[in-house]
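# Understanding the architecture of this molecule
Given next are the chains, with one letter for each unit.
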Amino acid sequence: MSNRLRIGMVGYKFMGKAHSNAYRSLPMFFPDAPLQPEMSVICGRNEQGVQAAARQFGWSESITNWRDLVKRNDIDLVDINAPSNAHKEIVIEAALHGKHLFCEKPLALSLADSRDMLQAAEQAGVNHMIGFNYRFSPAVQLAKQLVESGRLGKIYHFRAFFLQDWIMDPSFPLVWRLQKEVAGSGSHGDLGAHLIDLARFLIGEFHEVIGMSETFIKQRPLATEMSGLSSKRSTEANAPMGEVTVDDATLFLARFAGGALGSFEATRFAAGHRSTNSFEINGSLGSVRFDFERMNELEVYFTQDEEGVQGFRRVLATDPAHKYSEAWWPAGHTIGFEHTFTHEMLEMLSAISEERQPSPNFHDGVACQAVLEAVERSIKERRWVSIEEM
């Protein structure tokens, strides 16, 4: 196999830019990676927009039909970061053509669709990865090491919240993320999915859940233009309105298979919180706290410290001892949101070279979708729902 992996990417906005930056950064900071990405073709529906993205991001070619992309013999991996309602069809068609797969979360609009996607990838024998980038923060990797090594003892609690405020204005337009037929769900699937994946990654599988949700703004002006998390609407007094069909906020409680208790909150109506993605783990021997707005830090507490010096300590996860950090800057020189995607793509390309499935993969996407839908069933039926039911 050549040491180049030829990438075809579907999507060119928020995540398209993040993924492109990761592919461009990987050869510079991880030159010894067993495979290196070749940014071959970028695909999007708007010809002018995707051509501009190709020039800006550094792709060799742009096209407007993803069906043409997945058939091409000069493409090895298809990266899908289009809206959620497009994931299934592209994944299944790309798998049929033997392409390795990278798909942004949530994997699909439904658990049934996500299982179909996993089946297609497994039948095709291709590598498959889902985009849960927050796993790839060095501080989160440190939390994982502390849990797995037993330093925190028996885990009792996992509490997490992902708080944003970008749609609080009632006049903010009806973007695709607020439409169930396109996004699948609102804050629950967009933000809560990350919390669910972090919980599974750090402490294990869910057993049962019970939840509640609310849509605070029921109608919004129709969008005239959308880009990433921003949008434009008509300024006319009688501009047409549309129904918001997803949740604005979802909260749920969980029991884990290992006996721990969990609490989760995802909302886009937390004023002052631009993107507060945070978790805390409490165990019999200690605790850790993480907030992505301070993503280079992990707060750590050990019960076995001497009484006079007990307390949460701030660990700056930038030393070479911390996973991925040695590739970047000297200790104390922090990294940012975009670097998590570079680490993600490194895992994808390394897994292909090593003939193993990357982590997280579509199995994790299906497991996350099962929890998401169990919470939705719980809200609808006002009861505890076991993951085994799903």
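See the structure shown above.
Summarised in this report is the structure supplied together with it. Everything numeric here is computed off the predicted structure, so don't read it as measured data. (Residues numbered from 1 in each chain as written. Predicted model: local features only at pLDDT ≥ 70, side-chain atom pairs only at ≥ 80, totals over all residues. Heavy atoms only, no water.)

## Quick word on the overall build of the protein
What counts here: Only DSSP runs of H or I covering at least 4 residues are called helices, and only runs of E covering at least 2 are called strands; the numbering of each starts at the N terminus. As defined in this context, the radius of gyration uses C-alpha atoms, and a globule is described by 2.2 Å times the residue total to the power 0.38. Working definition: with a 1.4 Å probe on protein chains only, accessible area under 20% of the residue-type maximum means buried, over 50% means exposed, and in between means partly exposed. Here the accessible surface of atoms and residues is derived via Shrake-Rupley with a 1.4 Å probe, and residues count as covered only by protein chains that are part of the display. Charge counting follows a simple rule: Lys and Arg are positive, Asp and Glu are negative, and His as well as the terminal groups are ignored. A charged residue contributes its charge at one atom only: NZ of Lys, CZ of Arg, CG of Asp or CD of Glu.
Scanning the protein from terminus to terminus reveals ten helices and 19 strands. For the protein, whose C-alpha radius of gyration is 21 Å, the value lies close to the compact-globule estimate of 21 Å for 390 residues. Along the first, second and third principal axes, the C-alpha set of the protein runs to 65 × 55 × 40 Å. The burial tally for the protein puts 57% of its 390 residues in the buried class. Element-wise, carbon and sulfur atoms account for 47% of the exposed surface of the protein, whose accessible area totals about 17100 Å². Charged side chains in the protein number 39 positive and 50 negative. The centres of these two groups are separated by 2 Å.

## Remarks on the packing of aromatic side chains
Each aromatic ring pair is described using two quantities: the centre-to-centre distance and the angle formed by the ring planes. To keep things clear, this is the line we draw: Only rings of Phe, Tyr and Trp enter the pairing, Trp through its six-membered ring, and a pair is recorded when the two centres are within 6.5 Å. The plane angle decides the type: under 30 degrees is stacked, over 60 is edge-to-face, the rest tilted. The criterion is that NZ of a Lys, or CZ of an Arg, lies within 6 Å of the ring centre and within 35 degrees of the ring normal, and then a charge sits over that ring.
If you walk through the whole model with that rule in mind, you get 25 aromatic pairs. A centroid spacing of 4.7 Å and a plane angle of 85 degrees characterise the contact between Y134 and F292, whose relative ring orientation is edge-to-face. Separated by 158 residues along the polypeptide, Y134 in the loop between β6 (128–131) and α6 (138–148) and F292 in the loop between β16 (286–291) and β17 (297–302) bring together distant segments of the chain. Pair check on accessibility: Y134 and F292 agree, each one buried. Look at F158 and F256: their rings are 6.4 Å apart centre to centre, the planes differ by 70 degrees, and that puts the pair in the edge-to-face class. Within this pair, whereas F158 is found in strand β7 (residues 155–163), its partner F256 is found in strand β13 (residues 249–256), the two being separated by 98 residues in sequence. On the basis of relative accessible area, F158 is assigned to the buried category, the value being 1%. Lying over the aromatic face of W384, R255 brings its terminal NZ or CZ to 5.9 Å of the ring centre.

## A few points about the sheet that holds strand β5 (residues 100–104)
Consider a sheet: its strands pair through backbone hydrogen bonds, and that pairing is either parallel or antiparallel. Quick reminder of the rule: Strands qualify as paired when DSSP identifies two bridges or more between them. The axes used here are C-alpha line fits, helices contributing only the stretch in contact, and every angle between their N-to-C directions lies in the interval 0 to 180 degrees. Here, two residues are considered to be in contact whenever any of their heavy atoms come within 4.5 Å of each other.
One open sheet holds the six strands; their spatial order is β3-β2-β1-β4-β5-β6, and the pairing between them is parallel. Looking at strand neighbours, the two that pair on one side only are β3 (61–63) and β6, the edges of this open sheet. Going from strand to strand, the sheet's axes swing by 25 degrees on average, the running direction of each strand aside. Summarising the sheet, strand β1 (residues 4–10) and strand β4 (residues 77–80) pair through four bridges and their orientation is parallel. Each bridged residue has a counterpart across the sheet, and for M9 the counterpart in β4 is D79. Against the sheet, helix α9 (residues 337–353) contacts β1, β2 (36–43), β4, β5 and β6, and its axis sits at roughly 155 degrees relative to β5.

Limitation: the analysis is restricted to geometry and does not speak to function.
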